[in-house]
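Residue-level structural notes
Listed below are the residues making up each chain.
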Amino acid sequence: MQLLKKNLLIVICLMFTVLAKADDDDLKNQFSPINTAVPSLSIAPDARGGGMGDNGAATLPDISSQYWNPSKYAFMESKAGVGLSYTPWMSKIVRDVALVYLSGYYKLGQYERHALGASLRYFSLGEVPLTTIGGETYQLLNPYEMAFDLSYSIKLSEGFAFGVTMRYIRSDMGAAIEYDLTPGNAVAADLSAYGERYVAMGRNEGLWSGGINISNMGNKVSYDGGATNQFLPTNLRLGTGLLMPLDEYNQLGIYVDVNKYLVPSKPTRLADESDEDFEKREDEYNNTPFVKGMLKSFSDAPGGLREELREINFSVAAEYNYNNQFFVRGGYFYEHQMKGNRQYFSLGAGFRMNVFQLDAAYLISTVPSNPLDQTLRFTLSFDMDGLKELFK
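Before going into details, it helps to say that this report is about the structure given with it.

Thresholds, definitions, all that
Residues numbered from 1 in each chain as written. Predicted model: local features only at pLDDT ≥ 70, side-chain atom pairs only at ≥ 80, totals over all residues. Heavy atoms only, no water. Helix = DSSP H or I, 4+ residues; strand = E, 2+ residues; numbered from the N terminus. Buried < 20%, exposed > 50% of the residue type's maximum accessible area, 1.4 Å probe, protein only. Contact = heavy atoms within 4.5 Å. Areas by Shrake-Rupley, 256 points an atom, 1.4 Å probe, with all protein chains shown as cover. Salt bridge = Lys/Arg side-chain N within 4 Å of Asp/Glu carboxyl O. Polar contact = N/O pair within 3.5 Å; in protein donor to acceptor, adjacent residues only side chain to side chain. Lys, Arg positive; Asp, Glu negative; His and termini not counted. Patch = residues over 30% accessible without salt bridge, like charges linked within 9 Å, V, L, I, M, F, W, Y side chains within 5 Å. Charge placed at Lys NZ, Arg CZ, Asp CG, Glu CD. Expected span 1.5 Å × (residues − 1). Arc of directions from axis to C-beta. Phe/Tyr/Trp six-rings, centres within 6.5 Å; stacked < 30°, edge-to-face > 60°. Lys NZ or Arg CZ within 6 Å of the ring centre and 35° of its normal.

**Structural notes on the overall build of the protein chain**
- Each helix and strand in the protein chain was counted, giving eight helices and 16 strands.
- When burial is assessed residue by residue, the protein chain has 48% of its 392 residues classed as buried.
- Partitioning the intrachain contacts of the protein chain with sequence separation of at least 6 by distance along the chain shows that 60% fall at a separation of at least 24.
- By element, 59% of the accessible surface of the protein chain is carried by carbon and sulfur atoms, the whole surface being about 19300 Å².

Take a look at the structure:
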C-alpha cells in the first residue's frame, strides 16, 4: 500500500508540478502553489488559445470557446461546428501522455440567439509500472482524467450574451479497490458572459470585447472514500481585447486575460505549532465546502495581501489575420515563481478554408528546466455550414 501511494505521488508530481529552481533556502520554503484535484482541467486544450499564451476569455468566438468562455457561441456566424484538438503533453519527459479535446456547438431558433455547446476532454497519463523493492514490475496502471460538459448560451442583446455550463468529471489513478484508492468523481458548473461593441478608431471602427468565466464550481474530489477531500481547480478568468482593422484585408487583435484560482490555501505548519493545532487546521480545510472555499480564497494566503496578489496570473496576446483565412498568433503567460512558476511565450498559426480550419501552437519556456518547453498543440475544426454547401 505504501509503495503504491509512493508511485502515485511520483506520477502526480511529475505530470503536473513545474518546480522553480532557487538557490536560496528561504525562497524554497515560500514555494506554495495552489493544490487542487484534477489539475488537467486547467490545461489549455486547443491550438488557438495555446498559441496566444493561454488566452481566450474575450478573443473572437471559435469552435473551442467551450473551454474559454461558452457565452461566445451565441456570437458564432455559422450555425454549427465541431473541432478536435490534440496535445502531446510534457513530451520532453514522457512519450505516452496526451490530452485529446473534442468540442462543438449548435445554434438554435429562428434568429439563432441561443446556442448549445459540448465538449469531451480525455487526459491520459500513460502507462505507469509499479515495482517491488527489487525492481520487479508487478502491476501496470493506466491513470486518466476526463470531463464531459454541456453548455447553454443566450444572446440577451445584440452585444451581450450569458452562458451556463454543467460538467461531469472523473479522475482515475488506475488503482484497484483493494488498495483503498478509488476513482474520484465530481459535478461542476461554469458561469460566463461575453460582450462586444464597435468603437470609433479614426475613420475606421474597431471591435472591443470583454468576457468573464467562472469555471469548475463543484463538489470536492476524494480518492480514499472521503478521508481526504481536494478542491476542484475553480478559476476566475477575466479578459478584454480590441480588434483593429489595418486595411480592407488585414486585422490585428490585442487581448489580455487575468486569472485567479478560487481555491483556499492549504494549511502549512507554523513555527512552534503543536501537532493538535495543526491537525485541527487540516481537518477544517478538509471539511470546508467549496462555496466557502471560493470566498476564503481571496483572503487566506499565509503571506497576506502580498501573497494573494501573487496568486493572480495573466496572459497577453496578439492575433493577426489576413482576410480571415491566414492567422499568426503570439502570447506570453506569467505565473509568479512562488505559485507555480509557469512563464512562457507561445506562437501559433492557422489556415482556414470554407469547410475546415487547421491551427498549430508551440510553447517556449522562459524559465530553466521547464518540462512544458516545446509543447505542441494541434486543432482541426469543421464548419457544418461549409460542409453542407460542399455536398449540395
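Read on for the rest.
**Quick word on the pattern of salt bridges**
- All chains considered together, the criterion is met by 16 salt bridges.
- Here Glu112 makes a salt bridge to Lys79, at a shortest N to O gap of 3.6 Å. Highlighted residues: Glu112 in the loop between strand S2 (98-108) and strand S3 (114-124) and Lys79 in the loop between helix H4 (65-68) and strand S1 (80-88), separated in sequence by 33 residues.
- Its relative accessible area of 23% is what places Glu112 among the partly exposed residues.
- With a shortest N-O distance of 3.2 Å, Arg113 and Glu158 are connected by a salt bridge. Of this pair, Arg113 sits in the loop between S2 and S3 while Glu158 sits in the loop between strand S6 (144-157) and strand S7 (160-172), and the two are 45 residues apart along the sequence.
- Residue Arg113 is classed as partly exposed on the basis of its relative accessible area of 26%.
- Residue class for Glu158 comes out exposed when judged on its relative accessible area of 61%.
- Among the charged side chains, a salt-bridge network with shared partners connects Arg48, Asp62, Glu319, Arg329 and Asp359.

**Some thoughts on the side chain of Asn216**
- If you trace the backbone, Asn216 turns up in strand S9 (residues 204-218).
- The exposure class assigned to Asn216 is buried, which follows from its relative accessible area of 5%.
- Among the polar contacts listed, one links the side chain of Asn216 to the side chain of Arg167, at a separation of 3.0 Å.
- Filtering out sequence-adjacent residues up to four positions away, Asn216 remains in contact with Leu41, Arg167, Ile169, Ala188, Ala189, Asp190, Leu232, Pro233 and Thr234.

**Some words on the side chain of Arg310**
- Secondary-structure assignment places Arg310 in helix H7 (residues 305-310).
- Put simply, Arg310 is tucked away with no salt bridge, and the nearest opposite charge, on Glu307, sits 5.8 Å away.
- A polar contact is formed between the side chain of Arg310 and the side chain of His336, at a distance of 3.5 Å.
- When sequence neighbours within four positions are dropped, the list of residues in contact with Arg310 reads Gln30, His336, Met338 and Lys339.

**Comments concerning unusual backbone geometry**
- Of note in the backbone geometry, Asn323 takes a positive phi value of approximately 55° without being a glycine.
- By the secondary structure assignment, Asn323 is in the loop between strand S12 (312-322) and strand S13 (326-334).
- Residues other than glycine seldom take positive phi values, yet Asn341 does so here, at roughly 65°.
- Take Asn341: it is sitting in the loop between S13 and strand S14 (343-352).
- Residue Asn341 is classed as buried on the basis of its relative accessible area, which comes to 8%.

**Examining a negative patch on the surface**
- A contiguous patch of negative charge, built from Glu276, Asp277, Glu279, Glu282 and Asp283, is present on the exposed surface.
- Mapped onto the elements, Glu276 comes out in helix H5 (residues 275-286).

**Focus: H5**
- A rise of 1.5 Å per residue sets the reference length of H5, with its 12 residues, at 16 Å; its end C-alpha atoms lie 16 Å apart and thus fit the reference within 8%.
- Among the residues of H5, Phe278, Tyr285 and Asn286 are the ones counted as buried. Around the axis of H5, the buried residues are gathered within 100° of arc, so they sit on the same side. Exposed and oriented more than 90 degrees from the buried face of H5 are Glu276 and Lys280.

**Considering the packing of aromatic side chains**
- Going through the model one piece at a time under the given rule, you end up with 11 aromatic pairs.
- When the centroid spacing of 5.4 Å and the interplanar angle of 20° are considered together, the rings of Tyr122 and Tyr144 count as stacked. Placement of Tyr122 in strand S3 and of Tyr144 in strand S6 is noted, with a sequence separation of 22 residues between them.
- The class for Tyr122 is partly exposed, based on a relative accessible area of 38%.
- Residue Tyr144 is classed as buried on the basis of its relative accessible area, which comes to 17%.
- In textbook terms, an aromatic cluster arises when at least three aromatic residues are bridged by ring pairs, as seen for Tyr249, Tyr322, Phe326 and Phe351.
- Above the face of the Phe231 ring, Lys220 is positioned so that its terminal group lies 4.2 Å from the ring centre.
- When the ring centre of Phe298 is taken as origin, the NZ or CZ atom of Lys260, which lies over that ring, is 5.3 Å away.

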